[in-house]
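Inside the fold
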Amino acid sequence: HQMFGPNNSEFLSWNIAFPDFEFVPSNQKRGIWDMYDKHPEHEEQFTRMMEALEGLGGFAMATDGPFAEYSRFIDIGGSRGHFLTKLLKLYNKGPQKTTGVLFDLPSVIAIAKEVFDPELKKESRITFSSGDFFKVNTIPEIKDHDCIYLRYILHDWGDNEAKLILKNLRFAIGCKRVSLLIGE
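Now for a description of the structure that goes with this document. (Residues numbered from 1 in each chain as written. Predicted model: local features only at pLDDT ≥ 70, side-chain atom pairs only at ≥ 80, totals over all residues. Heavy atoms only, no water.)

A short note on the environment of Glu69
You can see Glu69 is positioned in the loop between helix 4 (58-64) and strand 1 (72-76). Classification of Glu69 by relative accessible area gives exposed; the value is 59%. A C-alpha to C-alpha distance of 9.0 Å links Glu69 and His145, two positions 76 residues apart in sequence. (Helix = DSSP H or I, 4+ residues; strand = E, 2+ residues; numbered from the N terminus. Buried < 20%, exposed > 50% of the residue type's maximum accessible area, 1.4 Å probe, protein only.)

Concerning unusual backbone geometry
One non-glycine residue, Ser79, lies in the positive phi region at around 55 degrees. Along the chain, the position of Ser79 falls in the loop between strand 1 and helix 5 (82-90).

Side note on the sheet that holds strand 5 (residues 179-183)
What the five strands build is an open sheet, ordered 3-2-1-4-5; its pairing is parallel. Since the sheet does not close on itself, it has two edges, and those belong to strand 3 (126-130) and strand 5, each with one partner. For this sheet the average axis-to-axis angle between neighbouring strands, irrespective of direction, equals 20 degrees. Here strand 4 (residues 147-151) runs beside strand 5; their pairing, made up of five bridges, is parallel. (Pairing = 2+ DSSP bridges. Axes fitted to C-alpha atoms, helices over the stretch in contact; angles between N-to-C directions.)

Given below as structure tokens:
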């Protein structure tokens with residue numbers, strides 16, 4: 001954003017490009033996410049686009065990534081769970097069954113519950129968790145040996161917001177022995 005706007009990480013690029021949504025510091029504004037709150041039909045378009053993007057490399061990332069050693073995945077900001085679905089189907093640990101937690105905003109989780117893979121839901125391998133990664137008390141419970149991952153999340157935010165997301169995750173992790181994977 002510094003290339004195109006004020007030399008200050010307090011402002012989100014979205015707010016600079018779209019002043020109709022008010023030009024205010026990012027700690028008071030959530031950029032494009034505020035627009036989605038006001039126009040859910042655009043969020044639906046965005047979600048379909050992210051699912052299409054998943055098709056360009058999601059399978060390769062799932063098969064080539066270090067996922068085989070984990071029995072539980074926590075997808076932070078995972079939308080409808082397209083990547084989590086791949087992991088749960090690829091890494092099914094026998095009778096113990098690999099499980100996952102899909103964490104996103106309440107409006108996104110409501111849709112995810114409707115469209116998530118019915119077989120995985122029937123097997124009780126998915127837990128849906130509504131919250132906001134800017135509010136540490138809404139992050140799902142983390143257990144030892146979990147694999148927590150963020151895919152295409154941090155690039156949406158300014159430096160201060162990205163740091164807050166990571167600090168909140170660190171606080172939620174506490175003393176647990178987990179892996180945090182970041183894919184941008």
